[in-house]
Amino acid sequence: MKAIVQDRYGPPETLTLVDVDTPVPDPDEVLVRVEAAALNAYDWHAMRGDPRMARLALGRSRPRARIRGRDFAGRVEAVGAHVRQVRPGDAVFGDLGDANGAFAEYVCVPENLVAAKPANLTPQQAAALPLAGVTALMGLDAGRVGPGHRVLVNGASGGVGTLAVQLATVLGATVTAVCSTRNVDLVRSLGAEHVVDYTRDDFARDTRRYDVVFDLVGNRSLRALRRVLTPTGTLVLSGGGVYRGGSLLGPIGLIARGRLLAPFVRHRIVVLTAVPGRHHLDTLRAHAETGRLTPVIDRSYPLHEVPLAMRYLEGEHARAKVVITV
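Starting afresh in each chain, residues are numbered from 1 along the sequence in its written order. Reporting in this predicted model follows two pLDDT cut-offs: at least 70 for local features of residues, and 80 or more for side-chain atom pairs to be given and counted; totals over whole chains, interfaces and linings ignore these cut-offs and use all residues. Where side-chain values are given, they derive from all heavy atoms of the structure, hydrogens and water being excluded.

Trainee: Before we move on, can you summarise the sheet that holds strand E12 (residues 229–237) with the specific residues and values?
Mentor: Ordered by their spatial adjacency, 6 strands build an open sheet running E10-E9-E8-E11-E12-E13, and the pairing between neighbours is parallel. Lying at the two open borders of the sheet, with one neighbouring strand each, are strand E10 (194–197) and strand E13 (268–271). Across the sheet, the axes of successive neighbouring strands diverge by a mean angle of 15°, strand direction being ignored. Should DSSP find at least two bridges between two strands, the strands are taken to pair. To qualify as a helix, a DSSP run of H or I must reach at least 4 residues; to qualify as a strand, a run of E must reach at least 2; elements of each kind are numbered from the N terminus. Where strand E9 (residues 174–179) lies against E10, 4 bridges are found, and the strand directions are parallel. Of the residues in E10, the one forming a bridge with cysteine 179 is aspartate 197. Residue contacts are defined here by distance: any two heavy atoms, one from each residue, within 4.5 Å place the two residues in contact. What counts as an axis is a line fitted to C-alpha atoms, over the stretch in contact for a helix, and the angles between N-to-C directions run from 0 to 180 degrees. Of the strands in this sheet, strand E11 (210–215), E12 and E13 touch helix H4 (residues 130–142), which is tilted by about 150° from E11. The sheet strands contacting helix H5 (residues 159–170) are strand E8 (150–154), E9 and E11, and the helix crosses E9 at an angle near 165°.

Trainee: Kindly report on the pattern of salt bridges, identifying the contributing residues and their values.
Mentor: By definition here, a salt bridge exists when the distance from a side-chain nitrogen of Lys or Arg to a carboxyl oxygen of Asp or Glu is within 4 Å. This structure, assessed with the given rule, holds 13 salt bridges. Between glutamate 314 and arginine 48 there is a salt bridge whose closest N-O contact spans 2.6 Å. Remark: arginine 48 occurs in helix H1 (residues 41–48) and glutamate 314 occurs in helix H10 (residues 306–314); sequence separation between them is 266 residues. There is no split in this pair, since glutamate 314 and arginine 48 are both buried. The partner of aspartate 202 in a salt bridge is arginine 205, and the shortest N-O contact between them spans 3.6 Å. Three exposure classes are used, based on accessible area relative to the maximum for each residue type with a 1.4 Å probe and protein chains only: buried under 20%, partly exposed in between, and exposed over 50%. Classification of aspartate 202 as partly exposed rests on a relative accessible area of 28%. Judged by relative accessible area, arginine 205 falls into the exposed class, the value being 70%. Three or more residues are tied together by salt bridges with common partners; here these are Glu13, Arg48, Arg311 and Glu314.

Trainee: Explain the packing of aromatic side chains residue by residue, including any values.
Mentor: Whether two aromatic rings pair depends on their centres lying within 6.5 Å, for rings of Phe, Tyr and Trp, where Trp uses its six-membered ring; planes under 30 degrees apart make the pair stacked, over 60 edge-to-face, and the rest tilted. Summed over the entire model, instances satisfying the criterion amount to 0 aromatic pairs. By the criterion adopted, a ring carries a charge over it if an Arg CZ or a Lys NZ lies within 6 Å of its centre and within 35 degrees of its normal. Directly above the ring of phenylalanine 203 sits arginine 220, whose terminal nitrogen or CZ lies 5.2 Å from the centroid. The ring of tyrosine 312 carries arginine 299 above its face, with NZ or CZ at 4.0 Å from the centroid.

Trainee: I'd love a proper account of the environment of alanine 78, names of residues and values included.
Mentor: With respect to the secondary-structure elements, alanine 78 resides in strand E4 (residues 71–79). Through-space distance from the C-alpha of alanine 78 to that of arginine 226 is 50 Å; in sequence the pair is 148 residues apart. Those residues in contact with alanine 78, other than ones at most four positions away along the chain, are Val30, Leu31 and Pro88.

Trainee: Describe H5, naming the residues involved and giving the relevant values.
Mentor: When the terminal C-alpha atoms of H5 are compared, their 17 Å separation across 12 residues agrees well with the 16 Å that a helix rising 1.5 Å per residue should span. H5 sits mainly inside the fold: 10 of its 12 residues count as buried. Regarding H5, the residues found buried are Gly159, Val160, Gly161, Thr162, Leu163, Ala164, Val165, Gln166, Leu167 and Ala168. Positive backbone phi, approximately 95°, marks glycine 172, located one or two places after H5. Working rule for helices: expected span equals 1.5 Å times residues minus one.

Trainee: Would you mind going over unusual backbone geometry in detail, with residue names and values included?
Mentor: We note that arginine 144 has phi near 55°; this positive angle belongs to a residue other than glycine. With respect to the secondary-structure elements, arginine 144 resides in the loop between H4 and E8. Its identity as a non-glycine residue notwithstanding, alanine 320 has a phi of 55°, on the positive side. Along the chain, alanine 320 falls in the loop between H10 and strand E15 (321–325). Alanine 320 gets classed as buried once you look at its relative accessible area, which sits at 7%.

Trainee: Explain the nonpolar core to me, using residue names and the numbers behind them.
Mentor: By size, the foremost hydrophobic cluster in this structure holds 50 residues, and its most contacted members are Phe93, Val153, Val165, Val187, Ala192, Phe214 and Val236. The greatest single-element share of this core, amounting to 7 residues, is contributed by H4. Non-local contacts of valine 153, meaning those with residues more than four positions away in its chain, are made with Gly161, Val165, Val175, Thr176, Ala177, Val178, Phe214 and Leu216. Residue types Ala, Val, Leu, Ile, Met, Phe, Trp, Tyr and Cys, when buried and joined through side-chain atoms within 4.5 Å, form a set referred to as a nonpolar core.

Trainee: Just give me the short version of the packing of H4 against H5, but keep the residues and values in it.
Mentor: At a minimum axis distance of 8 Å, the contact between H4 and H5 shows a crossing angle of 50°. The pairing of H4 with H5 is recorded here as oblique in orientation. Helix-helix and strand crossings are classified by hand; for H4 and H5 the assignment is right-handed. Contacts between H4 and H5 involve Ala132, Gly133, Thr135, Ala136, Leu137 and Leu140 on the former and, on the latter, Gly159, Val160, Leu163, Ala164, Leu167 and Ala168. To sort the angles, those under 35 degrees are grouped as roughly parallel, those over 145 as roughly antiparallel, those from 65 to 115 as roughly perpendicular, and the leftovers as oblique. Should the near helix be turned anticlockwise from the far one by less than a right angle, the crossing is left-handed, and should it be turned clockwise, the crossing is right-handed.

So, in structure tokens, the structure goes:
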């Protein structure tokens, strides 16, 4: 089968399309013929090995996982002996987690990491949901978002942000979206009641106060983020950042400071780690099938152009999701 592999950390040019063996599912796995995959900030972090501290988890000298990509959608080709809830021919979507491997024609995935694809979505739209959607769901849940709450989403035009705006609106919150000028109309169309154009205004100097600040960028200090919270507000940290030539800590620095500060301040500070699983995927499917959640796709690339897609993603030009058609 064809797959995008990487044997050393580096720029998108280190990603190459090669022939590899088609995987064989273990007893608790399913073999999926991939129809679409999606890029996430995680993918360029894993590609670059950036920040360097992340290599403790990704692989010290080179990536442990050769095939890039986490999010996928496709059809089940075969199932392991212990699989009970998925059958060959089923249309599914899912997130491989740190195992990676979605930028390929086939992928083996544990049964508990796939769910039925939303019936009203294309494979490309479904592939855009798993990691970004689970992050949005878990972030809003960590913030205990409910009716009447005021929520600020910093990075509202990104993959997670576009979904978080929609889901927060579904929960009955009033959403303020932070984005650039070209994305103002987009985030308004997704349900944001207020928009802060960061090229013109600074949300940290505004007089509005929020019950939840969901930070998806990692470009502001803890002081600036906490400044706009109500006295009992919650700060949720999940910043992916953009590539700026390499770093030791990157957004990990802000997250580490958040962990250290959390016990000593009145605000709740939550450091978010998205955990893939069927439960959240089922929730995303339900929202999608009722029309409450629609993935926004910026661009689509064929499998052999993954390096171009990654270059576009990491250069801070992408909005919403970039997907791969296999």
